[in-house]
Amino acid sequence: MMRVCLILLWTMIMVQPHVPQGKAVQVFPPVNFTLTVSALARVLLRWKPNPNQEQKNYTIRYDVKILAPVSEEYDTKKTYSFQTAALHNGFSAHIRTLLFHNGVQMTSDWVTAELQPPPGAANTAVTNLSCATHFTIFSTVSLHCTWLPGKGAPEDTKYFLFYRYETCTEECQDYIKDKWNRNIECRFSVTHITPDEIDKLIVIHINGSSKYAAIRPFQQLFNQNAIEKVNVPRNVTVFLQQNDLLATWEKPISPFSKGCFEYEFYLINLKSGNKQTLKIYSNDVRLWIDVTCKYSIQIRANHHLCCRRGFWSDWSEILYVGENKQENFIAWILAVLCVSMCATIVLVGIICKIVLPKKTRTILRASL
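Being a predicted model, the structure only gives us computed values, none of them experimental. Position numbers for residues count from 1 along each chain, tracking the sequence in the order it is written. Predicted model: local features are reported for residues with pLDDT of at least 70 only, side-chain atom pairs are reported and counted for 80 or more only, and whole-chain, interface and lining totals are derived from all residues. The basis for every side-chain value is the complete set of heavy atoms in the structure, and neither hydrogens nor water enter the calculation.

## Concerning the overall build of the protein
Only DSSP runs of H or I with at least four residues qualify as helices, and only runs of E with at least two residues qualify as strands; both kinds are numbered from the N terminus onward. Of regular secondary structure, the protein possesses 3 helices and 23 strands. Throughout, a contact is declared for two residues whenever any of their heavy atoms are within 4.5 Å. Pairs at least 24 residues apart make up 62% of the contacts formed inside the protein by residues separated by at least 6 positions. The protein chains shown are the only cover counted for residues, whose accessible areas, like all others here, come from Shrake-Rupley with a 1.4 Å probe. With an accessible surface of roughly 22,500 Å², the protein has 58% of that area assigned to carbon and sulfur atoms.

Take a look at the structure:
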């Protein structure tokens, strides 16, 4: 009888539904969720824990989801977060509480906040914004940006460019204008951009003013390595060693080591017109060539491995190696023919002077 009772009790325990302890815990969303623009293209998201939320023996984190302009989701235990994003089309996000207890995760409802796009007439913002940086011989970084006026921008529109890097913001002082006197290009000969950083963002902000329309601002984020115009390889040398072409060079002026670059080696056979472009990942190359031909050589560089690829450098100055033997032979033949013709003309003149009778020479002279 005892055994039957135990079996029945065990069966009742097994068939009872399992209700986790966390099921009875109510999870409340955060409160006072706000979005604040703290710098160009930088938003501070801030919130507070819900005062009704139980704290004992629970782990509380927050799930943050960026809805626009670019979707992103992450969680944090802090009650604030910074986001860098282009804000000319607005910004929106929502957040919820995550509660962990005994290995169970529970979530609250979402709370949403939004930043409206800045005011401005349609099609007045700049378009086709393009920027490039350059590491100078003075170990500083220059910045050059170009853009086109918006199709709806009045002719009196004045555009103004600002860049932000980390905590530094600067306004452009050196503009180039179009025929309507509108700023369409900006140069910073020196910036606060740190040249040896990896994947840091450069924020470009362009706003404007006009008597006839409100000009919409425009923002764009650039990876500093992706827009760097790499310097040209230095000290390029080429020479022949029997039937081989040997070329060596030094890495561009840059804070990165020589292993951080790739090269394109451009070789033209000036006799046949054949062209070759080779990818090189070292600072030298050895190629078999036809020594009866003359070649031109150029090299350019770009980032490789250490950071994101930038803009290819300009080509190095053209160097030549070898000679077109056939061309030299033809030139020699032409020179011999020219000398021979001159000698023949002189010889004919002498013969005519000696052989022709005096009377004939007198007639010829009289006719002249």
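## So, the state of the cysteines
Put simply, a disulfide is two cysteine sulfurs that come within 2.5 Å. Taken as a whole, this structure holds 3 disulfides when the rule is applied. Linked covalently through their sulfurs, Cys172 and Cys186 form a disulfide whose S-S length is 2.1 Å. On the sign convention where negative is left-handed, the bridge of Cys172 and Cys186, at about 115 degrees about the S-S bond, is right-handed. Here the residue Cys172 occupies a position in the loop between β12 (168-171) and β13 (175-177), and Cys186 occupies one in strand β14 (residues 183-188), the gap between them amounting to 14 residues.

## Things to note about the nonpolar core
Here, nonpolar core refers to any group of buried Ala, Val, Leu, Ile, Met, Phe, Trp, Tyr and Cys residues whose side-chain atoms link them within 4.5 Å. Three exposure classes are used, based on accessible area relative to the maximum for each residue type with a 1.4 Å probe and protein chains only: buried under 20%, partly exposed in between, and exposed over 50%. Judged by nonpolar contacts, the single largest core of 27 residues is most densely connected at Leu129, Trp147, Leu161 and Ile204. Among the elements of the structure, β9 (127-135), β10 (141-148), β11 (158-165), β14, β15 (201-209) and β16 (218-223) are those that each provide at least two residues to this core. Setting aside chain neighbours within four positions, we find Ile204 in contact with Leu129, Cys131, Leu143, Cys145, Leu161, Phe162, Tyr163, Phe218, Gln219, Gln220 and Phe222. Core analysis: the next-biggest nonpolar cluster, separate from the first, contains 23 residues, Val230, Val236, Cys293 and Cys307 among them.

## Side note on the sheet that holds strand β5 (residues 80-84)
Following DSSP output, two strands are said to pair if at least two bridges run between them. The sheet built from 3 strands is open, its strands ordered β1-β2-β5 with antiparallel pairing. Pairing within the sheet leaves two strands with one partner each, and these edge strands are β1 (31-39) and β5. Averaged over all adjacent pairs, the angle separating strand axes in this sheet is 20 degrees, with direction ignored. Sheet analysis places strand β2 (residues 42-48) next to β5, joined by 5 bridges and oriented antiparallel. Note that in β5 the partner of Leu45 across the bridge is Ser81. Simply put, an axis is a line fit to the C-alpha atoms, just over the touching stretch for a helix, and the angle between two N-to-C directions goes from 0 to 180 degrees.

## Things to note about the pairing of strand β17 (residues 234-241)
Bridging between β17 and strand β18 (residues 244-250) involves 6 bridges; their strand directions are antiparallel. The residue of β18 that forms the bridge with Leu240 is Leu245. The antiparallel pairing of β17 with β18 creates a hairpin that spans 2 residues between the two strands, and Gln242 there sits at a positive phi of about 60 degrees.

## Examining the side chain of His88
Mapped onto the secondary structure, His88 falls in the loop between β5 and β6 (91-101). Side-chain polar atoms of His88 contact the side chain of Asn89, separated by 3.4 Å. Apart from residues lying up to four places away in sequence, His88 is in contact with Pro117, Pro118, Arg216, Pro217, Phe218 and Gln219. A 3.5 Å cut-off defines polar contacts: any pair of N or O atoms within that distance qualifies, except that in protein one atom must be a possible hydrogen donor and the other a possible acceptor, and neighbouring residues in sequence count only when both atoms are side-chain atoms.

## Describing the pattern of salt bridges
Throughout this description, the term salt bridge denotes a Lys or Arg side-chain nitrogen within 4 Å of a carboxyl oxygen of Asp or Glu. In the structure shown here, the tally under the stated rule is 14 salt bridges. The partner of Glu264 in a salt bridge is Arg300, with the nearest N and O atoms 2.7 Å apart. Here Glu264, found in strand β19 (residues 261-269), pairs with Arg300, found in strand β22 (residues 295-303); they are 36 residues apart in sequence, far enough to count as distant. It is possible to trace a salt-bridge network through shared partners that takes in Glu262, Glu264, Lys279, Arg300 and Arg309.

## Brief notes about the side chain of Glu228
Examined against the element boundaries, Glu228 turns out to sit in the loop between β16 and β17. In this structure, Glu228 is buried with no salt-bridge partner, the nearest side chain bearing the opposite charge being Lys251 at 9.4 Å. Leaving out residues up to four positions away in the same chain, Glu228 has contacts with Thr133, Phe135, His303, Gly310 and Phe311. Under this rule, positive means Lys or Arg and negative means Asp or Glu; His and the chain ends count for nothing.

## Focus on the packing of aromatic side chains
The aromatic pairing rule takes the rings of Phe, Tyr and Trp, using the six-membered ring of Trp, and pairs them if the centres are within 6.5 Å, calling planes under 30 degrees apart stacked, those over 60 edge-to-face and the rest tilted. By the definition in use, this model includes 7 aromatic pairs. Here Phe33 and Trp47 contribute two aromatic rings whose centre-to-centre distance is 6.2 Å and whose plane-to-plane angle is 75 degrees, an arrangement assigned as edge-to-face. Note that Phe33 is positioned in strand β1 and Trp47 in strand β2, a separation of 14 residues in sequence. Exposure class is identical for Phe33 and Trp47. Each is buried. Grouped by ring-pair contacts, the aromatic residues Phe33, Trp47 and Tyr62 constitute a single cluster. Only Lys NZ and Arg CZ are tested; either one counts as a charge over a ring when it is within 6 Å of the ring centre and within 35 degrees of the ring normal. The positively charged end of Arg42 is found above the aromatic ring belonging to Phe82, 4.2 Å away from the centroid. Lying over the aromatic face of Tyr320, Lys294 brings its terminal NZ or CZ to 5.1 Å of the ring centre.

## Considerations on unusual backbone geometry
In the segment running from Ala68 into Pro69, the intervening peptide bond is cis, with an omega of 10 degrees. Looking at the element boundaries, Pro69 is found in the loop between β3 (59-68) and β4 (72-76). Backbone geometry places Leu305, a non-glycine residue, at a positive phi of 75 degrees. Mapped onto the fold, Leu305 is located in the loop between β22 and β23 (319-321).

Geometric values such as these leave the question of function open.
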